[in-house]
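Summary of structural features
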Amino acid sequence: MQYLTFDLSDNTEGVTTLDAMASTPAAQHPAVLAEVQQVLDWARRRFPHGHGPIDDGMDWDHDLQVTVEAGDWHTVTLTLSASPRFAAAFLKAFGHPDD
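Residues numbered from 1 in each chain as written. Predicted model: local features only at pLDDT ≥ 70, side-chain atom pairs only at ≥ 80, totals over all residues. Heavy atoms only, no water.

**A word on the environment of L80**
Along the chain, the position of L80 falls in strand 4 (residues 73-82). Beyond its immediate chain neighbours, meaning those up to four positions away, L80 contacts F6, T16, T17, L18, V39, L40, W60, D61, H62, F86 and F90. (Helix = DSSP H or I, 4+ residues; strand = E, 2+ residues; numbered from the N terminus. Contact = heavy atoms within 4.5 Å.)

Okay, here's the thing in C-alpha cells:
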C-alpha cells in the first residue's frame, strides 16, 4: 500500500479492527480509491460468503467514508472489522501495520 496506512486493534471479544486513512490532493484520490478497491476485492475473493456483521458470525465487515476538505483535499477512511481468521489472512496478504 502506498497511500493507505492501517492501524490494528483488538477488543476483548476477539474482533480485530483494521483502520486505514489517506488524505491526499484531488489528483491522487483515484490512486487511493484503487488501493481501497484492491483490499475489498481481496476480501471478497478470500472470504466470499463472510461479509457482514461480525456479531452475526461473519468474517468481515467494512465502512468506507470519503470526504472533501478545504483546499480540495480528499480524505478516505476504510475500517474493516475482522474475525481472527480474516485478520490473520489479511496480515499475511498485506503485512502487519507495525512492520
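**Thoughts on unusual backbone geometry**
Residue D72 is not a glycine yet carries a positive backbone phi of 65°. Among the structural elements, D72 can be located in the loop between strand 3 (60-69) and strand 4. Using a relative accessible area of 42% as the deciding quantity, one classes D72 as partly exposed. (Buried < 20%, exposed > 50% of the residue type's maximum accessible area, 1.4 Å probe, protein only.)

**Quick notes on the pairing of strand 1 (residues 5-10)**
By the bridge criterion, six bridges tie strand 1 to strand 2 (residues 16-25) in an arrangement that is antiparallel. In the strand pairing of strand 2, D7 is matched with D19. Connecting strand 1 to the antiparallel partner strand 2 that follows it, the hairpin turn spans five residues, and G14 within it adopts a positive phi of roughly 85°. (Pairing = 2+ DSSP bridges.)

**Details of the side chain of S83**
Among the secondary structure elements, S83 is positioned in the loop between strand 4 and helix 2 (84-94). With relative accessibility at 9%, the residue S83 sits in the buried group. Dropping the residues within four chain positions of it, S83 is found in contact with I54, M58 and D59.

**Quick word on the pairing of strand 3**
On any regular strand, side chains alternate: one points to one face of the sheet, the next to the other face. As defined by bridge partners, strand 3 adjoins strand 4 across ten bridges and the pair is classed as antiparallel. By the bridge assignment, Q65 is partnered in strand 4 with T77.

**A look at the nonpolar core**
With 21 residues, the main nonpolar core has F6, L80, F86 and F90 as its most contacted residues. Of all elements in the fold, only strand 2, helix 1 (29-46), strand 4 and helix 2 reach the threshold of two or more residues within this core. Considering each element in turn, this core owes the most residues, six residues, to helix 1. Those residues in contact with F86 that sit more than four places away from it in its chain are W42, A43, F47, D59, W60 and L80. (Core = buried A, V, L, I, M, F, W, Y, C linked by side-chain atoms within 4.5 Å.)

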